[in-house]
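Here are the chains, one letter per residue:
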Amino acid sequence: MASLVKPSRIAPGSTIGIIAPAGPPDLERLRKGTRFLKNRGYRVKVYPQVRKRLGYMAGDDRSRADALNAAFADKDISAIFCARGGFGSLRILQDVKFDIIKANPKIFVGYSDITALLLAIYEKTRMVTIHGPMPAVEFGRRLRRFTVENFFKAMESDLPFGSIEKPAGYRI
């Protein structure tokens, strides 16, 4: 079995690319989410495909796959955050260029329908992917400090994460 590929960490000043491989985001929430990331010191590049709509998807299958492939190929992008989940990620798997991803490992974040991409990328490239918050969902509304601190600790450090302690008053 091939060894794991761990993308490089990100830091304020890094550029985060935002794509929508599944459903179209609520644009106001996306605006709030990108503002949140910029306020943390990141540059943000929202791919134009994010604003496309075709029924309940963020554009046709080809445009969604092309945005994913372009974000991985873009040397200025350090991490890729999916705007939101929804439906449609499974439909683009045949058009994902895994050779581009393998040649350009970078942090890739999402969950829900994005899980199809997380697992396919891992299976085809052995690159670690992140099941985590998205700009037009969690970053587009108020997040608990605990979530923000731990997410960015994982994204910004090369050190082992260690244990996660449940904060007082936090219900699980």
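Keep in mind the model is a prediction, meaning the values are calculated, not measured.

Q: I keep staring at the overall build of the chain and nothing clicks. Help me out?
A: Within the chain, the regular secondary structure consists of six helices and five strands. Scanning the chain from its N terminus toward the C terminus, one meets helices and strands in the order β-α-β-α-β-α-α-β-α-β-α. For 172 residues, the compact-globule formula gives about 16 Å, and the C-alpha radius of gyration of the chain, at 15 Å, lands near that figure. Taken along its principal axes, the extent of the C-alpha atoms in the chain is 45 × 40 × 30 Å. Relative to its 172 residues, the chain shows a buried fraction of 47%. Within the chain, counting contacts between residues at least 6 apart in sequence, those at least 24 apart form 76% of the total. For the chain, the separation between the mean place of its 30 positive charges and that of its 16 negative charges on side chains is 5 Å.

Q: Would you take a moment to explain the environment of Asn104 for this structure?
A: Here Asn104 lies in the loop between helix 4 (98-103) and strand 4 (107-110). Since its relative accessible area comes to 13%, Asn104 is described here as buried. Linking Asn104 and Ala71, residues 33 residues apart in sequence, is a C-alpha distance of 9.6 Å. Non-local contacts of Asn104, meaning those with residues more than four positions away in its chain, are made with Phe72, Ala73 and Lys75.

Q: It is not clear to me how the sheet that holds strand 4 should be interpreted in this structure. Could you clarify?
A: Paired through backbone hydrogen bonds, the strands of a sheet run either parallel or antiparallel to each other. Taken together, the five strands give an open sheet; going across it, the order is 2-1-3-4-5, and neighbouring strands pair in parallel fashion. Each of the sheet's edge strands pairs with one partner strand only, and the pair in question is strand 2 (43-46) and strand 5 (130-131). Where strand 4 lies against strand 5, two bridges are found, and the strand directions are parallel. Its bridge partner lying in strand 5, Val109 is registered against Ile130. Relative to the sheet, helix 1 (residues 27-39) contacts strand 1 (15-19), strand 2 and strand 3 (79-82), its axis offset from that of strand 2 by approximately 150°. Helix 2 (residues 61-73) contacts strand 1, strand 3 and strand 4 of the sheet and is inclined by roughly 170° relative to strand 1.

Q: Please clarify how helix 5 (residues 115-125) should be interpreted in this entry.
A: Since the α-helix turns once every 3.6 residues, residues separated by three or four places project in the same direction. When we look at burial in helix 5, the residues that qualify are Leu117, Leu118, Ala120, Ile121 and Thr125. On its buried side, helix 5 packs onto helix 2, helix 3 (89-92), helix 4, strand 4 and strand 5.

Q: Any chance you could explain the pattern of salt bridges here in plain terms?
A: Oppositely charged side chains are able to pair whenever their charged atoms sit close together. Across all of its chains, the model carries nine salt bridges by this definition. Residues Asp158 and Arg9 are paired through a salt bridge, measuring 3.8 Å at the closest nitrogen-oxygen approach. Here Arg9 lies in the segment before strand 1 and Asp158 lies in the segment after helix 6 (145-156), a separation of 149 residues in the sequence. Judged by relative accessible area, Asp158 falls into the exposed class, the value being 63%. The class of Arg9 is partly exposed, set by a relative accessible area of 40%. Between Asp95 and Arg62 there is a salt bridge whose closest N-O contact spans 3.5 Å. Remark: Arg62 occurs in helix 2 and Asp95 occurs in the loop between helix 3 and helix 4; sequence separation between them is 33 residues. Looking at Arg62, the relative accessible area reads 44%, which means it is partly exposed. Taken together, the shared-partner salt bridges in this structure form one network comprising Asp61, Arg64 and Arg91.

Rules used in this analysis
- Residues numbered from 1 in each chain as written.
- Predicted model: local features only at pLDDT ≥ 70, side-chain atom pairs only at ≥ 80, totals over all residues.
- Heavy atoms only, no water.
- Helix = DSSP H or I, 4+ residues; strand = E, 2+ residues; numbered from the N terminus.
- Rg over C-alpha atoms; globule rule 2.2 N^0.38 Å.
- Buried < 20%, exposed > 50% of the residue type's maximum accessible area, 1.4 Å probe, protein only.
- Contact = heavy atoms within 4.5 Å.
- Lys, Arg positive; Asp, Glu negative; His and termini not counted.
- Charge placed at Lys NZ, Arg CZ, Asp CG, Glu CD.
- Pairing = 2+ DSSP bridges.
- Axes fitted to C-alpha atoms, helices over the stretch in contact; angles between N-to-C directions.
- Salt bridge = Lys/Arg side-chain N within 4 Å of Asp/Glu carboxyl O.

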